[in-house]
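So you can see what is in the structure, the chains are spelled out below.
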Amino acid sequence: MTGAGSPHSLRARLRSLRPAAFGADPAGERMARIRHSPNFADGSFRNPVGARTRPSGGSMVEFAKIYFEKEARARRTPVGHVPVHPATVADLAEPPPSGLRLTWMGHSSVLAEIDGRRILFDPVWGERCSPFPFAGPKRLHPVPAPLAALGTLDVVVISHDHYDHLDLPTIRALAGTDTVFAVPLGVGAHLERWGVSPDRLRELDWNESAEVHGIRLTATPARHFCGRGLRNQQHTLWASWVVAGPEHRIYHSGDTGYFPGFADIGAEHGPFDATMIQIGAYSEYWPDIHMTPAEGMRAHLDLQGGTPSGVMLPIHWGTFNLAPHPWAEPAEGTVTAAAGAGAAVALPRPGEPFEPTAANVPSALWWRTVAATPAGGWTAATDAAAVTASAVTAPQAPPAAGKDPGGTPEAASSR
């Protein structure tokens, strides 16, 4: 039955009314591929280890009280203007002498220049991470550079389909370019609805790879979840990413809770010149899907085979208010964890390019100039910059031999 009153026609009408920002559900051959994935069972994608994805029952009530408490809300935003690097566009005009340069644009958006190619991770240039332009978490600092000023992008990498990682206005701006999009399985349905040609999609399951212009991109496991619409059927995968060129290799965590798989990823694909690790928007109310700074540092060490080699770039903090913790706490916690581990951590302002293999990386505790001072004072080591600088000058781990190159919180932002 396919008449005007049939269930099929009703579903089609309802789909036509769906806001564009919700994206599209996988269907057809894409859905068939999803059903055959080893990571899909009982109607949804599964995590490598079990995970609670949000507060429930009494804990939701507790969380709401904490989240909307007036004084706590004030601590979750900077008290001054976040210092954005003033010369991002000029700095990016010249290629990096080392062949590897990272520019944190805020939150999880990072431009990676690696072995002559430009890879842009989780680009969010929109004003809010929300399906609506009038509500949801609003950015706390401007974007460091216009999207068009980044130059030709070889690949855009998406970690998952939450609004603070997959941004409709940004994707539409990039849809008219020639860039390739590397995305987890199922996410391609959103991009096709927004105007990205299917032949520019590299849609990967965990542990699958694609090669673009001599750069190998591999989707690796993460411990998180997905969803943009009202039903959130878990039909799109989430992933971390390994990007390997002829000379360098880097890792982007996307969003993830800590799990033992980091060591497996490091053994298979590492060690890395740099890791970009999520260290913000964590909470005791969702401990399995986002890492604390200490867990992020532990993940970095796992990825490096247990030794403090390479440089860790903390991401997923500073740009949006998505969790109950104070705004500067993720950065402070990362500095403390790095000092304890003897690991090198880069602390750039948004838009400040740096070369992970250079003799030094940004190390100033810049957020302290615009953050409310905690009641007990700053807890991170006062000589953290010196600790970071000395760690950076330590010998870097060589490439693995024989490797081929290769607002409201959760409900509103779908972190």
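Provided above is the structure to which this section pertains.
What counts as what
- Throughout this document, residue positions are counted from 1 along each chain, in the order its sequence is written.
- Where local features are concerned, this predicted model is filtered to residues with pLDDT of at least 70; where side-chain atom pairs are given and counted, the filter is 80 or more; whole-chain, interface and lining totals use all residues.
- Heavy atoms from the whole structure form the basis of all side-chain values; hydrogens and water molecules are not counted.
- Helix and strand definitions here come from DSSP, where helices need a minimum of 4 consecutive H or I residues and strands a minimum of 2 consecutive E residues; each element is numbered from the N-terminal end.
- Per-residue accessibility, obtained with a 1.4 Å probe over protein chains only, is compared with the maximum for each type, and a residue is labelled buried under 20%, exposed over 50%, and partly exposed between these values.
- Only the protein chains shown count as cover for residues, with accessible areas throughout obtained via the Shrake-Rupley method and a probe of 1.4 Å.
- Under this scheme, a helix contributes an axis fitted over its contacting stretch, all axes are lines through C-alpha atoms, and angles between N-to-C directions fall in the 0 to 180 degree range.
- Here is the rule for handedness: rotate from the far helix to the near one, and if that takes an anticlockwise turn smaller than a right angle the crossing is left-handed, while a clockwise turn gives right-handed.
- We call two residues contacting when some pair of their heavy atoms lies within 4.5 Å.
- Three residue categories are used. Nonpolar comprises Ala, Val, Leu, Ile, Met, Phe, Trp, Tyr, Cys and Pro, charged comprises Asp, Glu, Lys and Arg, and polar comprises the others, including Gly.
- Note: two strands are recorded as paired if DSSP finds a minimum of 2 bridges between them.
- Every case where a carboxyl oxygen of Asp or Glu lies within 4 Å of a side-chain nitrogen of Lys or Arg is listed as a salt bridge.
- The method works on a 1 Å grid over the protein atoms by themselves. A cavity is a set of points holding a 1.4 Å probe that cannot get out, a pocket is an open set with protein on both sides within 12 Å along at least five of seven lines, and residues with an atom within 4 Å of a point line them.
- Grid points are joined across faces, edges and corners, and a volume is the space filled by probe spheres set on the points.
- Any N or O atom pair separated by 3.5 Å or less is treated as a polar contact, with the protein-specific requirement of one donor-capable and one acceptor-capable atom, and with residues adjacent in sequence counted only for side-chain atom pairs.

Caption draft 1: Region of the structure containing the overall build of the protein chain. Summing up its helical and strand segments, the protein chain has twelve helices and 15 strands in all. Going through the 415 residues of the protein chain one by one, you find that 57% of them count as buried. In the structure as shown, the protein chain presents an accessible area of about 16,600 Å², 56% of it carried by carbon and sulfur atoms.

Caption draft 2: Structural detail: the packing of helix 8 (residues 261–269) against helix 9 (residues 293–303). At a minimum axis distance of 7 Å, the contact between helix 8 and helix 9 shows a crossing angle of 35 degrees. Relative to helix 9, the crossing made by helix 8 is right-handed. The residues of helix 9 that touch helix 8, namely those facing Phe262, Ala263, Ile265 and Gly266, are Ala299, Asp302 and Leu303. Among the residues making up the contact of helix 8 with helix 9, the classes are represented as five nonpolar, one polar and one charged.

Caption draft 3: Examining the environment of leucine 166 more closely. By the element assignment, leucine 166 lies in the loop between strand 6 (155–157) and helix 6 (168–175). Among the residues examined, leucine 166 registers a relative accessible area of 0% and is labelled buried. Between the alpha carbons of leucine 166 and leucine 191 there is a distance of 9.4 Å; along the sequence they are 25 residues apart. Those residues within four positions of leucine 166 in sequence are excluded, and the remaining contacts are Ile158, His160, Asp161, Ile171, Val187, His190, Leu191, Trp194 and Arg228.

Caption draft 4: Region of interest: the sheet that holds strand 11 (residues 240–244). If you walk across this open sheet you meet the seven strands as 9-10-11-12-13-14-15, and the pairing is mixed. Bordering the open sheet on either side are strand 9 (209–212) and strand 15 (344–345), each of which pairs with just one other strand. Where strand 10 (residues 215–220) lies against strand 11, five bridges are found, and the strand directions are antiparallel. Bridge pairing in strand 11 places leucine 217 opposite valine 243.

Caption draft 5: Layout of unusual backbone geometry. Backbone torsion omega between glycine 270 and proline 271 reads -5 degrees, so that peptide bond is classified as cis. Not every positive phi belongs to a glycine, and aspartate 42 is a case in point at roughly 55 degrees. Note on placement: aspartate 42 falls in the loop between strand 1 (40–41) and strand 2 (44–45). Given the relative accessible area of 75%, aspartate 42 is considered exposed. Despite not being glycine, histidine 107 has its phi angle at roughly 55 degrees, a positive value. As for its placement among the helices and strands, histidine 107 is situated in the loop between strand 3 (100–106) and strand 4 (109–114).

Caption draft 6: Spotlight on the pattern of salt bridges. Applying the stated criterion across every chain yields a total of twelve salt bridges. Of the charged contacts, one joins aspartate 42 and arginine 46 as a salt bridge, the two residues approaching to 3.9 Å between their closest N and O atoms. Note on arginine 46: relative accessible area 38%, which makes it partly exposed. Arginine 117 is the partner of aspartate 154 in a salt bridge, and the nearest nitrogen-oxygen pair spans 3.4 Å. Here aspartate 154, found in the loop between strand 5 (117–121) and strand 6, pairs with arginine 117, found in strand 5; they are 37 residues apart in sequence, far enough to count as distant. The class for arginine 117 is partly exposed, based on a relative accessible area of 29%.

Caption draft 7: Just empty space enclosed by the protein, in detail. Reported here for the largest cavity is a volume of approximately 100 Å³. Looking at the largest cavity, it is lined by 14 residues, and the ones nearest its centre are Ala281, Gly318, Phe320, Leu322 and His325. Residue composition of the lining of the largest cavity, by class: seven nonpolar, six polar and one charged. Reported here for the second largest cavity is a volume of approximately 40 Å³. Along the walls of the second largest cavity sit Trp104, Leu313, Pro314, Trp317, Ala346, Leu347, Pro348, Trp366 and Trp367, which together make up its complete lining. Per-class residue counts for the lining of the second largest cavity are nine nonpolar, no polar and no charged.

Caption draft 8: Region of interest: the side chain of histidine 248. The residue histidine 248 is located in the loop between strand 11 and strand 12 (249–252) in this model. Judged by its relative accessible area of 10%, histidine 248 is buried. In this structure the side chain of histidine 248 is engaged in a polar contact, spanning 3.4 Å, whose partner is the backbone oxygen of serine 98. A polar contact of 2.7 Å, which involves the side chain of histidine 248, links it to the side chain of aspartate 115. Those residues within four positions of histidine 248 in sequence are excluded, and the remaining contacts are Ser98, Gly99, Leu100, Ile114, Asp115, Val243, Asp273 and Thr357.

Caption draft 9: Expanded view of the pairing of strand 3. Judged by how many residues are buried, strand 3 sits mostly within the fold: seven of seven residues are covered. As paired elements, strand 3 and strand 4 share six bridges and run antiparallel to each other. Across the sheet, glycine 106 pairs through a bridge with serine 109, a residue of strand 4. Joining the antiparallel neighbours strand 3 and strand 4 is a turn of two residues, in which histidine 107 adopts a positive phi near 55 degrees.

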